[in-house]
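Per-entry structural report
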Amino acid sequence: MEILVKDIASQLECLAPIEYAESYDNVGLIVGSYDQKIKNILITLDLNEEVIVESINKKCNLIISFHPILFKPIKSLIGETLSERVIISAIRNSIAIYIIHTNLDSMWEGTHSYLSKLLKIHREGVLFPRKGILKKLTTYVPISYAKKVRNSLFNAGAGNISNYSQCSYNFDGVGTFMGNEKTKPFFGKKGMFHMEKETCINVIFPSHKLNIIKKTLFSSHPYEEVSYEIYNIENINPYLGIGIIGSISEKMNESDFLIYLKNIMNLSCLRHSPFTGREIKKIAMIAGSGSFGIEEAIKKKANVFISSDLKYHDFFKSENKILIVDIGHYESEKYTKYIVKSFLKKKFVHISIYESESDTNPVKYFY
Ligand SMILES: [Zn+2]
């Protein structure tokens, strides 16, 4: 069976919709073509020349990278920078490059899911929940078709609120219309004023499902001209956004917790703020650069904040209220390769999907 880049891309966009990426990010297919046939896939945290060579050796013509190799527009491709050389080499070797980054960070089953499982953190929600990512559909359906349209919308992904599914608000009223000579009205006759008993259906849905929701509405609604409104709503989604907040089942003292963290995540070292003397139960975490999360972690009463790329002055923010821990950028995100691989493995059984074995961590530790 032939598998194309677009088949992989559409699955990856189910795992992490592109529109959930941060505005500064550059995700999706950045090199190659959607119609390219896939041989094998290599998943990496970063892209460099070693990863391209590994990809060639493993006969992979699609690399899925967590960190984008391209952030800014490029004016020339002459091989003077690492990113230019990687892109030239990828093009020369017909290797497509797909980026899945902050969109994976935002998803409940994304970057933080495996870390939480590993550290046995029971997640309560995300540290910075996103808003403005939900939409509301209002539509008017003849009463006898309301159930069919409503169920189709539910099946397409509308009506989910936290642990509740099939949520909608409905009321009956009377719709009026008169079609001109070019129309074929489902009820009534063209050129004649018509009144029809209709149900007004209201449902919410995640904004990335807009196209499928509209397609479903038009295909399940009997009218030639479907009457509907779609609004952006500001509601917060507590399970979508950056970072996590949660707790471990057994309290630990701070030094035991650091040993636990170091052993489970196989860290050679970590940096931390002075011990507060309190036990660790509630945990806040942001994989990658997360210094912006310290205040929020304190506000949410976490006992420890785990992240990376923290500066000297960030550690002062602890003020004996929280233990701040820097585990390293690469170390905090290294499991994303496994998350993407295990997701794709379930969908595509006939191709080989590898986690890169290249050590792309540019930070080395000297003891
Ligand atoms: Zn990162």
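This text gives an overview of the structure that appears in the document. All figures in this text were calculated on a predicted structure; none of them were measured in a lab. (Residues numbered from 1 in each chain as written. Predicted model: local features only at pLDDT ≥ 70, side-chain atom pairs only at ≥ 80, totals over all residues. Heavy atoms only, no water.)

Concerning the nonpolar core
We count it as follows: To qualify as a nonpolar core, a set must consist of buried Ala, Val, Leu, Ile, Met, Phe, Trp, Tyr and Cys residues joined through side-chain atoms within 4.5 Å. The rule is simple: take the accessible area with a 1.4 Å probe, protein chains only, and divide by the maximum for that residue type; under 20% is buried, over 50% is exposed, in between is partly exposed. Each helix is a run of H or I in the DSSP string that is no shorter than four residues. Each strand is a run of E no shorter than two, and both are numbered from the N terminus. By the convention used here, residues are in contact when the closest approach between their heavy atoms is within 4.5 Å.
In this structure, Ile-8, Ile-41, Ile-64, Ile-100 and Leu-344 are the most contacted members of the largest nonpolar core, which totals 30 residues. Only α1 (5-15), β2 (40-44), β3 (60-65), β4 (96-99) and α12 (336-347) provide two or more residues apiece to this core. With residues near it in sequence (within four places) discarded, Leu-344 still touches Ile-8, Gln-11, Leu-12, Ile-41, Ile-64 and Ile-353.

Let's talk about the coordination of the zinc ion
Around a metal, the ideal angle is 109.5 degrees if four donors adopt a tetrahedral arrangement and 90 or 180 degrees if six donors adopt an octahedral arrangement. Keep this limit in mind: Metal sites are built from N, O and S donor atoms within 2.8 Å, or 3.2 Å for Na, K and Ca, and they leave out water, so they may look incomplete. Irregular is the default label, applied whenever a site is not tetrahedral (four donors, all angles between 85 and 135 degrees) and neither square planar nor octahedral (four or six donors, opposite donors over 155 degrees apart, all other angles between 65 and 115).
Bound to the zinc ion are the protein donor atoms His-67 (NE2), His-329 (NE2), Glu-333 (OE) and Glu-333 (OE), situated 2.0 to 2.5 Å from the metal. Geometry at the zinc ion is irregular, judged from the 4 donor atoms that bind it and their angles of 55 to 127° at the metal. Each donor residue of the zinc ion lies on the same chain, and together they follow the pattern H-x261-H-x3-E. Of the two residues, His-67 is situated in the loop between β3 and α3 (82-92) and His-329 in helix α11 (residues 329-333); the sequence distance between them amounts to 262 residues. Residue His-67 is classed as buried on the basis of its relative accessible area, which comes to 17%.

Quick notes on the sheet that holds β4
For sheets, the rule is that strands pair by backbone hydrogen bonds, running either parallel or antiparallel. Spelled out, the test is: Strands qualify as paired when DSSP identifies two bridges or more between them. Between the N-to-C directions of two axes lies an angle of 0 to 180 degrees, each axis being a line fitted to C-alpha atoms and, for a helix, fitted only over the stretch in contact.
Taken together, 5 strands build an open sheet; the order of strands is β1-β4-β3-β2-β17 and the sheet is mixed. Edge positions in the open sheet fall to β1 (28-31) and β17 (353-355), since each of these has one partner strand only. The sheet shows a mean angle of 25° between the axes of neighbouring strands, direction not considered. Both β2 and β17 contribute to a ladder of 3 bridges, which runs parallel. Its bridge partner being in β17, Ile-41 is matched across the sheet by Ile-353. Lying on the sheet, α1 is in contact with β1, β2, β3 and β4; it crosses β4 at an angle near 10°.

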